[in-house]
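The lines below spell out each chain.
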Amino acid sequence: MTTLSERISQSAFDGSRLRVVLLLDLYDGAQNQFLEVYEHLQKQVSSVPGHISDELCQSIENPSQWLITSEWESAPRFLAWINSEEHVASVQPLHGCVRDTRSLRFSVLREIGKGPGPGSHSPTGPPSAAASSPAAADRARGGLQVAPRRGDGVVRHALTFTVKPGSEPVVAELLAGYTSPQAQVDESTRLRRTSLFMHGNRVVRAVEVEGDLLAALRHVAQQPEVRALEEAINPYLEQDRDLSDPGSARMFFTRAALPAVHHVAAGGREPADVRRHALFYPAKDGCGMALARLLAGQDEAAVDDPTSPIEGSTVFQRDDIVVRLLDLRGPLDARPALALGVEGGHKAAVLARLLDSAKDGVPTTDQEISRFLARSEMRLITDRRAPAQD
């Protein structure tokens, strides 16, 4: 049986507090503008459910470098905010004064001597209510990550967008036929795998990166073959974009981001008969996170079961879009309930209550679950791995 220390695992659902670190490099002369934008943004964030505190720091070595740290009750609370249209609009003014950013997110595992002190408020204004209230202080004392998780040095991320109905065959052909970009980004970053799927007119592109995800995404975007592909599919997109306009491109890819909220894998060498599948779960309004949590719990148990064909699973979620990537031994429909994420108990009924498309009854029999599974399966367009390193 695979133990917690042996399996590969990442999760937004362990109940621990979240520390978010944002590194910023300002344009020359933009400091005052940045401070004004930050003060306004901080007032907005302080009222967001789940926010505990934040700090703004300036480098003592390079005054153009700044650091914003924030603490949240849990990762789901933060992700609900960061993926919202309100957040997209609120950070727009930052783009005029910030040259470069890098965001890092950490579950809180241990802490020593935590207590109230200076720096728990904005240097441009008074302490926020979220940071200074007794309720926030009580929340800040709990919610530690139970145990360290084992990683595999891989960052998983996805993008999703829709194309105009009727254009799906053309888009699929374009996505299947492009030339792969160079896998090696730099000495420490490598693009390991790209998997492309479609469900109706929705496209999902999942990537696996060894090293720095942002560096890899920038590298891929600059490759001529990828730029040619992006330009070729532009006329078919439902959301207009202009890749020659940095603001338009940034807005498109911000809204297209589909972050990984849970990943689990058995670890060790992947068996030769493993195949990758993707399932699309359109959640009811406001139920996306609950649906992702349900599927994550199913896959945690499945990876620990030696009879399970599931070798690994990644759940991606943004708002009410949930995509589950499965690395599976054997046919997808060999154990339909397990593949769908509803094996055991009343999970099928729970899933049906969370799904927006569950209008034809609760799938309870194997035959009904098999049909439901077939409707959820995404069409594989291409699954490309980088050549093995020597």
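To be clear, the structure that these remarks concern was listed above.
Reading the values: rules and limits
The numbers attached to residues start from 1 for each chain and follow its sequence in the written order. Owing to the predicted nature of the model, reporting of local features is limited to residues with pLDDT of at least 70; listing and counting of side-chain atom pairs is limited to 80 or more, with chain, interface and lining totals taken over all residues. Only hydrogens and water are removed before side-chain values are computed, so all heavy atoms of the structure are retained for them. For helices the rule is a DSSP run of H or I covering at least 4 residues; for strands it is a run of E covering at least 2, with both sets numbered from the N terminus onward. Working definition: with a 1.4 Å probe on protein chains only, accessible area under 20% of the residue-type maximum means buried, over 50% means exposed, and in between means partly exposed. Two residues qualify as a contact provided that any one of their heavy atoms is within 4.5 Å of a heavy atom in the partner residue. Whenever two N or O atoms come within 3.5 Å, that pair is a polar contact, provided that in protein one can donate a hydrogen and the other can accept it, and provided that, for residues adjacent in sequence, both atoms are side-chain atoms. A pair of strands is labelled paired if DSSP reports no fewer than 2 bridges between them. Throughout, the protein atoms alone are placed on a 1 Å grid, and a set of points is a cavity if a 1.4 Å probe fits but cannot get out or a pocket if it is open with protein on both sides within 12 Å along at least five of seven lines; lining residues have an atom within 4 Å of a point. Grid points are joined across faces, edges and corners, and a volume is the space filled by probe spheres set on the points. Under the convention adopted here, Pro, Cys and the residues Ala, Val, Leu, Ile, Met, Phe, Trp and Tyr are nonpolar, Asp, Glu, Lys and Arg are charged, and Gly plus all remaining residues are polar. Here the axes come from fitting lines to C-alpha atoms, over the contacting stretch only for helices, and the angles between their N-to-C directions go from 0 to 180 degrees. Take the buried residues of types Ala, Val, Leu, Ile, Met, Phe, Trp, Tyr and Cys, join any two whose side-chain atoms come within 4.5 Å, and each joined set is a nonpolar core. Working note: the arc is built from the helix axis to C-beta atom directions. Stacked, edge-to-face and tilted labels apply to pairs of Phe, Tyr and Trp rings (six-membered ring for Trp) whose centres lie within 6.5 Å, assigned for plane angles under 30 degrees, over 60, and everything in between, in that order. Ring-over charges, as used throughout, are those where CZ of Arg or NZ of Lys falls within 6 Å of the ring centre and within 35 degrees of the ring normal.

**Considering the overall build of the protein chain**
Looking only at helices and strands, the protein chain has 13 helices and 13 strands in total. Counting all 390 residues of the protein chain, 47% fall into the buried class.

**Description of unusual backbone geometry**
In this model, D319 sits at a positive phi of 55 degrees, which is unusual for a non-glycine residue. Relative to the elements of secondary structure, D319 occurs in the loop between β11 (310–318) and β12 (321–329).

**Concerning the environment of T162**
When you line up the elements, T162 lands in strand β6 (residues 154–162). With 41 residues separating them in the primary sequence, T162 and V203 have C-alpha atoms 6.0 Å apart. Discounting residues that sit within four places of it in the chain, T162 has contacts with N201, R202, L237 and E238. In terms of polar contacts, T162 uses its side chain to reach the side chain of E238, at 2.7 Å.

**Comments concerning the pairing of strand β2 (residues 18–26)**
Alignment of β2 against strand β4 (residues 65–72), held across eight bridges, turns out to be antiparallel. By the bridge assignment, D25 is partnered in β4 with Q65. The pairing of β2 with strand β5 (residues 98–107) spans nine bridges and is antiparallel. Bridge assignment links V20 to a residue of β5, and that residue is R105.

**Looking at empty space enclosed by the protein**
Inspection of every chain in the model, using the stated rule, returns three cavities of 30 Å³ or more. Reported here for the largest cavity is a volume of approximately 40 Å³. Every residue along the wall of the largest cavity is listed here: L159, F161, R205, E230, I233, R241, F252, F253 and A256. Of all the elements in the fold, those that place two or more residues in the lining of the largest cavity are β6, α8 (224–233) and α9 (246–256). Here the element with the most residues in the lining of the largest cavity is α9; it accounts for three residues. Per-class residue counts for the lining of the largest cavity are six nonpolar, no polar and three charged.

**Topic: the sheet that holds strand β3 (residues 51–58)**
Across a sheet, strands are paired by hydrogen bonds formed along the backbone, either parallel or antiparallel in direction. Taken in spatial order, the four strands line up as β3-β4-β2-β5 in an open sheet, and their pairing is antiparallel. For this open sheet the edge positions go to β3 and β5, each flanked by a neighbour on one side alone. For this sheet, the mean inter-axis angle between neighbouring strands, taken without regard to orientation, is 15 degrees. In this structure, β3 lies alongside β4, joined through seven bridges in antiparallel fashion. Looking at the pairing, H51 lines up with W72 of β4.

**Details of the side chain of S248**
By secondary structure assignment, the location of S248 is in helix α9. S248 gets classed as buried once you look at its relative accessible area, which sits at 18%. Apart from residues no more than four positions distant in its own chain, S248 is found in contact with R241 and D242.

**What about the nonpolar core?**
Counting 60 residues, the largest nonpolar core has F34, W72, L94, Y281, L291, L340 and L351 as the members making the most contacts within it. Apart from residues no more than four positions distant in its own chain, L340 is found in contact with L279, Y281, L295, R324, L351, I369, F372, L373 and S376. Grouped together as the second largest cluster of nonpolar side chains are 16 residues, V163, A172, Y178 and V203 included.

**Topic: the environment of V154**
For V154, the position within the fold is in strand β6. Taking the relative accessible area as the measure of exposure, V154 reaches 9% and is therefore buried. It is 9.9 Å that separates the C-alpha atoms of V154 and T189, two residues lying 35 residues apart in sequence.

**Quick notes on α8**
Every buried residue of α8 is accounted for by V226, L229, E230 and I233. An end-on view of α8 places all buried positions within 95 degrees of arc, on one side of the element. Among the structural elements, β6, α6 (168–177), β8 (202–210) and α7 (213–222) are those in contact with the buried residues of α8.

**Quick word on the packing of aromatic side chains**
The final tally for this structure, using the stated rule, is five aromatic pairs. Their ring planes at 70 degrees and their centres at 5.4 Å tell us that W72 and F78 sit as a pair that is edge-to-face. For F78, a relative accessible area of 4% puts it in the buried group. Taken together, the ring pairs connect F34, Y38 and W66 into an aromatic cluster. Note that R241 overlies the ring of F252, its terminal NZ or CZ placed 4.5 Å from the centroid. One residue, R384, lies across the ring of Y178, its end atom 4.1 Å from the ring centre.

**Points about the environment of D14**
Tracing the sequence through the fold places D14 in the loop between β1 (8–11) and β2. With relative accessibility at 27%, the residue D14 sits in the partly exposed group. Separated by 62 residues in sequence, D14 and P76 place their C-alpha atoms 9.8 Å apart. Apart from residues no more than four positions distant in its own chain, D14 is found in contact with S107, Q145 and R149. Among the polar contacts made by the side chain of D14, one reaches the side chain of S16 at a distance of 2.7 Å.

**As for the pairing of β8**
Of all nine residues that make up β8, eight are buried, and the element is covered over most of its length. One ladder, built from nine bridges, connects β6 with β8; its direction is antiparallel. Bridged to T160 within β8 is V204. Bridge analysis of strand β7 (residues 190–199) against β8 gives nine bridges, and the strand direction is antiparallel. Residue pairing in the sheet places L191 in a bridge with V209 of β8.

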